Amino acid sequence: MFILTVIKLLLIALNIFPSRFTNRRIMFLIYMTNLVTHVMMDEPRFAQPIPNVTVAVGRDANLPCVVEHLGGYKVAWIHIDRQMILTIHRHVISRIPRYSITYTDNTWLLHVNQAHQDDRGYYMCQVNTNPMISQVGYLQVVVPPNILDIESTPSSVAVRENQNINMTCRADGFPSPKIIWRREDGEEIAVEKKKKVLVYDGDVLPLTKVSRNEMGAYLCIATNGVPPSVSKRIILDVEFSPMIWVPNQLVGAPSGTDVTIDCHTEAHPKAIIYWVYNSVMVLPSKKYKTDYTENSYRAHMKLTIRNLQYGDFGNYRCISKNSLGETEGSIRVYEIPLPSTPSKQVTHTTVESRENNIIPSSRNDTTKALQTDVGYAMKNDLYPGSASSSSSGVGASSSAASSSTSMQTSALPGGAAGNSLSSLGTKGSLATGKSTFDADRPPNQYASSVDFSSLSVDV
């Protein structure tokens, strides 16, 4: 009504003063009249912009639209991406029940309950003035990472040693997740021609010429800044045929004493390990005690023979077999003579002297006598028929060892009886498949040495 009144006044003014107004002046007068009318009537306006809102999938989100001087006009919410009218004034138009509207203190609040990924996009708050006024806000729906098992490597995978394998880990989420790999035991990962890294980035982890040392659990971790991060544990099994390491192939001990022999074996899949003597499997009994210690693909075999008798001396075999093959190691247990009583006094003197940091001359005599005993025993064992020529040496040296002495020596280099006694060293035997090989230097965990000068004799 006010606008009509203003127009009537303008028309009357034009009729009264037709010669004083040009067309340009008339248009300017109308524009100013409309501007003043809008100010005087307090037309609707937005008090603040709609904020951009970020919410995790499944959570609730709220979008505010603050309108001042709404008067008799109405507010509507529209999802632009869907081209869908959601609400008009206090009524919900959309058939999606997760949308609702509330009004308090000039604020029209659009509620999006349990937001879905489809709810992501631009939302318009519109007032039905003429011309229409509106403003837009953005709803971001983020999704935490999720590993796709169907597209990823299974939780357990096997590969033959020295072959290549690619382990895959796929994940979805929004934003797109980042994939990293690490070993569960904290060891480095060998990639790109044996370049070693603690953490590897990428969906695919390439491993070339896999060794048994790379066996274990690998973790695939997916992150995208939206908690929680997720991971998958993949166990890599490296398969290889059994391998045996024998620290001492020749073990000497007197009759009536106990002796322990041992073998180390590596195999995967897990091998069946046991001892054989005279073509018969050795079982635990009063005579034999077996001990097996396993750690991953490694195993340590021990066999204790109690109260050695004549029939207990000979070759003992440690055997390891799995689905990929079998191998064995051989240990020869031979008899050394019992020491005589006088040697106890000499040896006892040596022990007491060590405690007092005094090294008497008798220690060297004891060591030489013990070496003579060992040499005589091995000579009898390796060179039959030579005992008579060494009988005098036996009598001279029998006073230098204890009644419970048990001595282990390393294998002869070729394992042949024809080698001289002076060729004894610290070599061990390495057996793979059906063959046995001499190794100049055993693995660190199996390293052993023999020092004749440090042999102790129990009284």
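Residues numbered from 1 in each chain as written. Predicted model: local features only at pLDDT ≥ 70, side-chain atom pairs only at ≥ 80, totals over all residues. Heavy atoms only, no water.

- The chain carries the name Lachesin isoform X2 in an unreviewed UniProt entry, which gives Drosophila kikkawai as its organism.

1. Structural notes on the overall build of the chain
Reasoning step 1: When helices and strands are counted, the chain shows five helices and 31 strands.
Reasoning step 2: The buried share among the 459 residues of the chain stands at 39%.
Reasoning step 3: Once local pairs closer than 6 in sequence are excluded, the contacts in the chain between residues at least 24 apart make up 63%.
Reasoning step 4: Carbon and sulfur atoms provide 53% of the accessible area of the chain, an area that totals close to 26000 Å². (Helix = DSSP H or I, 4+ residues; strand = E, 2+ residues; numbered from the N terminus. Buried < 20%, exposed > 50% of the residue type's maximum accessible area, 1.4 Å probe, protein only. Contact = heavy atoms within 4.5 Å. Areas by Shrake-Rupley, 256 points an atom, 1.4 Å probe, with all protein chains shown as cover.)

2. Details of the confidence of the model for the chain
Reasoning step 1: Averaged over all residues, the pLDDT of the chain is 76; the fraction at 70 or higher stands at 65%.
Reasoning step 2: In this model, residues 343-459 is a region of pLDDT below 50 whose contacts with residues beyond four sequence positions or in other chains number 176 contacts. (pLDDT = per-residue confidence, 0-100.)

3. Details of the state of the cysteines
Reasoning step 1: Summed over all chains, the structure comprises three disulfides.
Reasoning step 2: For Cys169, the disulfide goes to Cys220, at an S-S distance of 1.7 Å. A torsion of -60° about the S-S bond marks the disulfide between Cys169 and Cys220 as left-handed. Here the residue Cys169 occupies a position in the loop between β12 (165-168) and β13 (171-174), and Cys220 occupies one in strand β19 (residues 216-223), the gap between them amounting to 51 residues.
Reasoning step 3: Residue pairing for Cys263: its cysteine sulfur links by disulfide to Cys318, the two sulfurs lying 2.0 Å apart. Taking the sign of the S-S torsion, -80° for the link of Cys263 and Cys318, the bridge is left-handed. Taken together, the positions of Cys263 in strand β22 (residues 259-268) and Cys318 in strand β27 (residues 314-322) put the pair 55 residues apart, joining distant regions of the chain. For the pair Cys263 and Cys318, a shared accessibility class is recorded, and that class is buried. (Disulfide = S-S within 2.5 Å.)

4. As for the sheet that holds strand β3 (residues 61-68)
Reasoning step 1: Strand order in the open sheet formed by four strands is β1-β3-β8-β7, and the pairing between neighbours is antiparallel. Of all strands in the sheet, those with a lone pairing partner are β1 (45-46) and β7 (99-104), marking the two edges.
Reasoning step 2: Of the strand pairs in this sheet, β3 and strand β8 (residues 107-112) are connected by six bridges, and their pairing is antiparallel. Opposite Val66, over in β8, you have Thr107 as the bridge partner. (Pairing = 2+ DSSP bridges.)

5. Overview of the pattern of salt bridges
Reasoning step 1: Tallied over the entire structure, the rule returns 14 salt bridges.
Reasoning step 2: Residue Asp203 pairs with Arg170 through a salt bridge whose shortest N-O separation is 3.2 Å. Taken together, the positions of Asp203 in the loop between β17 (200-201) and β18 (204-207) and Arg170 in the loop between β12 and β13 put the pair 33 residues apart, joining distant regions of the chain.
Reasoning step 3: Among the residues examined, Asp203 registers a relative accessible area of 33% and is labelled partly exposed.
Reasoning step 4: Linking Asp312 and Lys287 is a salt bridge whose minimum nitrogen-to-oxygen distance equals 2.4 Å. Residue Asp312 is found in the loop between β26 (298-305) and β27, and its partner Lys287 is found in the loop between β24 (280-281) and β25 (288-295); the two are separated by 25 residues along the sequence.
Reasoning step 5: Several salt bridges converge on common partners, so that one network encompasses Glu161, Arg212, Glu266 and Arg298. (Salt bridge = Lys/Arg side-chain N within 4 Å of Asp/Glu carboxyl O.)

6. Some points on the side chain of His268
Reasoning step 1: Summarising the element assignment, His268 is placed in strand β22.
Reasoning step 2: Ignoring anything within four residues of it in the chain, the contact list for His268 reads Met215, Asp237, Val238, Glu239, Phe240, Tyr297, Asn322 and Leu324.

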